[in-house]
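Tertiary structure, described
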There are 2 protein chains.
Amino acid sequence: MATTDAADITEEETEHMIERNCVVENENVVSSIDPKEMRAVILAGFGGINKLRVTKKTMPEPQQGEVKIRVKACGLNFVDLMVRQGNIDNPPKPPLIPGFECSGIVESIGESTQGFEIGDRVMAFVYYNAWAEVVCAPVDYVHKMPDKMTFQEAAAFSLNYVAAYMMLFEVANLREGMSVLVHSAGGSVGQAVAQLCSTVPNVTVFGIASCSKHVAIRDSVTHIFDRNGDYVQEVKKISPEGIDIVLDCLSGENTGKGLGLLKPLGAYVLYGASNMVTGETKSFFTIAKSWWQVEKVNPIKLYEENKVIAGFSLLNLLFKQGGRVRLKTVMDKLLFLYIQGKIKPVIDSLWALEEVKEAMQRIHDRGNVGKLILDVEKSPTPLMASDSTETSEAGEEEEDPEGDIDNKERMPFIQ
Amino acid sequence: MATTDAADITEEETEHMIERNCVVENENVVSSIDPKEMRAVILAGFGGINKLRVTKKTMPEPQQGEVKIRVKACGLNFVDLMVRQGNIDNPPKPPLIPGFECSGIVESIGESTQGFEIGDRVMAFVYYNAWAEVVCAPVDYVHKMPDKMTFQEAAAFSLNYVAAYMMLFEVANLREGMSVLVHSAGGSVGQAVAQLCSTVPNVTVFGIASCSKHVAIRDSVTHIFDRNGDYVQEVKKISPEGIDIVLDCLSGENTGKGLGLLKPLGAYVLYGASNMVTGETKSFFTIAKSWWQVEKVNPIKLYEENKVIAGFSLLNLLFKQGGRVRLKTVMDKLLFLYIQGKIKPVIDSLWALEEVKEAMQRIHDRGNVGKLILDVEKSPTPLMASDSTETSEAGEEEEDPEGDIDNKERMPFIQ
């Protein structure tokens with residue numbers, strides 16, 4: 001990290017394709033030859049997808065209170081796009097390894113560290129550094145996986161379900177008979193919200209999503225509306241008395257619309273600002289403009305209208321505001337619901353680390369239904385001509401063809 | 001109501017002191033001679049306390065779905081001051097009978113009205129008109145009193161406990177181990193908040209009140225601070241991690257301070273704006289200035305800080321926003337807590353209808369600890385020289401001396 005020039009790569013990060021320096025073991029386990037190195041996705045500087053690449057990094061070792069995890073799968077979230085663009089509050093200086101959650105197997109344990117054993121199947125929150133073969137994490141952020149949970153499910157679990165649970169039950173106080181409106185209902189948080197709502201009797205879920213996703217998600221919500229249509233009028237037709245809880249990850253004009261749709265004592269929860277991301281990159285000026293364009297709220301208006309407005313950022317809560325102490329109770333409840341079969345992550349697609357650019361483009365284009373997973377053990381799907389409609393099958397081990405890839409695209413392994 | 005000139009009194013409202021036209025019955029029951037008339041406090045126009053007087057009004061009769069209540073006691077709240085000043089949103093045109101809550105006995109029942117019988121001891125929310133000998137109210141707003149509850153307690157119960165309960169448990173989601181900061185801790189809502197907090201294990205209550213009230217209320221809260229001191233620094237010393245719930249009836253600079261004191265996921269609830277009331281009367285310009293001086297809140301800042309801001313107006317909820325449907329569940333829970341002895345209204349003082357000006361002045365001066373009650377059956381306490389420290393005793397039936405009262409003040413019956 002001797003340089004902060006985003007375009008440069010330090011000596012530790014010699015870029016090379018994994019196929020050349022790695023061995024393929026049984027069960028598709030791919031690992032580095034040098035035990036002091038690991039593969040990782042690196043963000044060389046803030047900007048477009050060309051700032052992402054797979055490199056070798058020095059193997060991390062666990063400090064006191066940490067476990068070292070051999071990563072199997074990582075979650076890819078919209079916030080990773082915002083990190084890539086530098087479109088977040090106080091980002092660390094690049095180069096950095098992105099990613100806030102992963103699943104894997106405990107490989108070693110730091111000094112004076114209790115609660116885990118080597119070989120434990122775990123999922124973890126991390127403050128960056130998730131998109132790598134190995135991650136070290138403080139034990140407060142690490143949770144054992146239920147036996148029947150797959151690594152892919154575990155990588156899709158932590159961030160989205162904890163966020164959905166806390167918003168619904170700790171911020172907004174969801175109870176029997178209430179109504180919930182969720183934007184990006186087809187996304188991984190949206191699907192977690194819908195599932196958690198179904199654990200409470202008689203909750204009506206209004207989902208907003210692109211028309212292309214309606215068939216895939218219509219069973220998970222009560223009513224579904226087109227994000228490009230006039231959802232306010234549509235919702236009012238069905239529920240003229242308003243909505244109890246509005247969960248918004250978009251911001252912008254949706255804040256005013258959401259507040260307007262609330263029932264008395266209803267709560268609007270802003271948990272993201274993905275409308276700030278329009279192009280592949282974002283200038284500071286545009287960010288500042290988006291910020292100031294957000295309508296500010298007069299508390300006396302809230303008083304007269306009996307309304308609640310809340311903001312929720314799980315990453316800030318966990319990593320900047322001491323929220324880790326709340327985590328265990330929430331995760332225990334969520335794992336109990338998982339074991340009961342009441343919640344189950346919806347996986348959109350699996351991608352090799354080398355496919356992170358395409359994966360990110362898919363989130364950017366809002367093409368996903370459920371979670372995008374970086375599967376550390378997966379080899380990149382062969383590039384195909386862009387007019388191909390063929391999809392590669394699970395477990396295929398094909399060499400990544402070299403040469404010009406400009407007119408080709410990878411098709412991920414779609415679950 | 002032929003005229004809307006606030007200073008005029010219509011033919012129905014011939015002003016006269018009750019002692020001249022009423023008979024004193026046994027047990028101090030004072031009632032009008034004419035069964036088609038009743039005594040009531042009237043607000044002739046918005047402004048100072050001189051706009052209030054006791055007059056005769058036509059006896060109301062219950063409509064379908066209503067009960068007619070022979071009133072025993074009425075609650076006096078800070079919002080009544082704001083009504084008097086016209087300092088509320090969309091007030092009705094004066095002349096009007098103020099008052100939003102009372103207790104009494106069901107005297108007759110409207111057509112097709114179920115759930116009550118003549119003779120039932122009840123308490124009721126009303127949209128104005130409470131400060132009178134007789135009130136008619138829709139049954140949704142009327143609740144039977146527990147046997148051991150006095151009429152004075154019942155008149156102190158509805159508005160303050162329902163507000164405190166909804167703010168703590170429906171808006172802010174109070175749970176075990178949390179901390180609550182309440183402004184005006186010595187007021188009737190403040191005392192209800194403190195009592196309800198004590199029904200949840202391990203809740204810390206930070207009360208803010210004038211120093212003169214500290215002795216009276218210090219057992220009801222965990223920590224107490226001077227409202228004129230730097231409470232933010234004092235609270236931070238005790239609880240550097242912040243507060244879970246801040247309940248503010250003052251507004252103004254306390255909004256920013258309250259938000260600043262919140263823990264992550266903490267909720268600031270604004271339930272009044274009594275800082276808007278400074279003098280005895282209020283110009284429109286000053287009101288507008290107060291409104292705009294309230295700091296507006298950027299939702300993205302709430303997002304980054306994980307904070308909740310809520311407004312709560314029980315009167316708007318009940319009478320303008322359909323909130324009556326929520327009332328029964330809340331009142332059932334509160335009455336259960338009352339019967340268990342876990343909550344009990346704190347009565348500051350009892351006043352005759354004729355003493356409403358002095359009662360209002362006491363609220364304005366923030367002299368009360370707990371609730372001020374207008375006791376319909378109470379005769380005015382004799383006026384005394386202002387240097388007198390003597391307090392009249394309960395049940396005294398003395399004639400209100402006529403003549404110059406400028407240098408005299410009534411001392412209420414203090415419980």
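My aim in this report is to walk through the structure given alongside it, one point at a time.

Quick look at the interface of chain B and chain A now. Counting residues at the interface gives 41 residues for chain B and 41 residues for chain A. For the interface between chain B and chain A, the tally reads two salt bridges. As a salt-bridge pair, B:Arg175 and A:Glu170 come within 3.8 Å of each other at their nearest N and O atoms. Counting the contacts that link chain B with chain A gives 16 residue pairs in polar contact (both at pLDDT 80 or more). A total of seven residues in the side of chain B that touches chain A trace back to one element, the largest contributor, which is helix H10 (residues 299–305) of chain B. Of the residues that constitute the side of chain B that touches chain A, the class distribution is 20 nonpolar, ten polar and eleven charged.

This next bit is on the nonpolar core. Within the largest apolar cluster, 208 residues are counted, with the highest numbers of intra-cluster contacts made by A:Phe312 and B:Phe312. Residues within four places of B:Phe312 in sequence aside, it is in contact with A:Leu265, A:Tyr303, A:Asn306, B:Ala163, B:Met166, B:Met167, B:Val171, B:Val269, B:Leu270, B:Tyr271 and B:Leu317. Of all hydrophobic cores here, the second largest spans 38 residues; its members include A:Leu181, A:Leu259, B:Phe225 and B:Leu262.

Turning our attention to the packing of aromatic side chains. One pass over the full model with this rule turns up 18 aromatic pairs over all chains. Ring geometry for A:Tyr141 and A:Phe319: centres 4.8 Å apart, planes at 35°, overall tilted. Residue A:Tyr141 is located in the loop between strand E8 (134–138) and strand E9 (142–144), and its partner A:Phe319 is located in helix H11 (residues 314–319); the two are separated by 178 residues in the primary sequence. Between the aromatic rings of A:Phe157 and A:Tyr338, the centroid separation amounts to 6.0 Å while the plane-to-plane angle is 85°, which identifies the pairing as edge-to-face. With A:Phe157 in the loop between helix H3 (151–155) and helix H4 (158–171) and A:Tyr338 in helix H12 (residues 324–339), this residue pair connects regions lying 181 residues apart in the sequence. Note on A:Tyr338: relative accessible area 3%, which makes it buried. An aromatic cluster is built from A:Phe100, A:Tyr127, A:Tyr128, A:Tyr141 and A:Phe319, whose rings are joined through pairwise contacts. The residue whose ring lies beneath A:Lys148 is A:Tyr338, and the NZ or CZ to ring-centre distance is 5.6 Å. Taking NZ or CZ as reference, B:Lys144 lies 5.5 Å from the ring centre of B:Phe116, over its face.

On to helix H5 (residues 188–197) of chain B. The buried fraction of H5(B) is high, at ten of ten residues. Among all positions in H5(B), only B:Ser188, B:Val189, B:Gly190, B:Gln191, B:Ala192, B:Val193, B:Ala194, B:Gln195, B:Leu196 and B:Cys197 are buried.

Let's shift gears to the environment of A:Asp140. Residues and elements named next belong to chain A. Tracing the backbone shows Asp 140 in the loop between E8 and E9. Using a relative accessible area of 37% as the deciding quantity, one classes Asp 140 as partly exposed. Distance from Asp 140 to Phe 225, taken between C-alpha atoms, is 39 Å for residues 85 residues apart in sequence. Not counting residues up to four positions away in its chain, the partners in contact with Asp 140 are Arg 324 and Leu 327.

What follows concerns the pattern of salt bridges. Counting across every chain of the model gives 42 salt bridges over all chains. For A:Glu305, the salt bridge identified is with A:Lys307, shortest N-O distance 3.5 Å. For A:Lys307, a relative accessible area of 9% translates into the label buried. Its salt-bridge partner being B:Asp140, residue B:Arg324 comes within 3.0 Å of it at the nearest N-O pair. Of the two residues, B:Arg324 is situated in helix H12 (residues 324–339) and B:Asp140 in the loop between strand E8 (134–138) and strand E9 (142–144); the sequence distance between them amounts to 184 residues. Look at B:Arg324 and you get partly exposed, because its relative accessible area is 31%. Each of A:Glu61, A:Lys68, A:Arg70 and A:Glu107 takes part in salt bridges that share partners, so that together they form one network.

What follows deals with the packing of helix H7 (residues 231–238) of chain A against helix H8 (residues 253–261) of chain A. Residues and elements named next belong to chain A. Contact pair H7 / H8: the axes reach a minimum separation of 11 Å and the direction vectors enclose 10°. Judged by the inter-axis angle, H7 sits roughly parallel to H8. Facing H7, whose interface residues are Tyr 231, Val 232, Val 235 and Lys 236, H8 presents Asn 254, Lys 257 and Leu 261. When its residues are assigned to classes, the contact of H7 with H8 shows four nonpolar, one polar and two charged.

Reading the values: rules and limits
Residues numbered from 1 in each chain as written. Chains lettered and ligands numbered in written order. Predicted model: local features only at pLDDT ≥ 70, side-chain atom pairs only at ≥ 80, totals over all residues. Heavy atoms only, no water. Contact = heavy atoms within 4.5 Å. Salt bridge = Lys/Arg side-chain N within 4 Å of Asp/Glu carboxyl O. Polar contact = N/O pair within 3.5 Å; in protein donor to acceptor, adjacent residues only side chain to side chain. Helix = DSSP H or I, 4+ residues; strand = E, 2+ residues; numbered from the N terminus. Nonpolar A, V, L, I, M, F, W, Y, C, P; charged D, E, K, R; others polar. Core = buried A, V, L, I, M, F, W, Y, C linked by side-chain atoms within 4.5 Å. Buried < 20%, exposed > 50% of the residue type's maximum accessible area, 1.4 Å probe, protein only. Phe/Tyr/Trp six-rings, centres within 6.5 Å; stacked < 30°, edge-to-face > 60°. Lys NZ or Arg CZ within 6 Å of the ring centre and 35° of its normal. Axes fitted to C-alpha atoms, helices over the stretch in contact; angles between N-to-C directions. Parallel < 35°, antiparallel > 145°, perpendicular 65-115°, else oblique.

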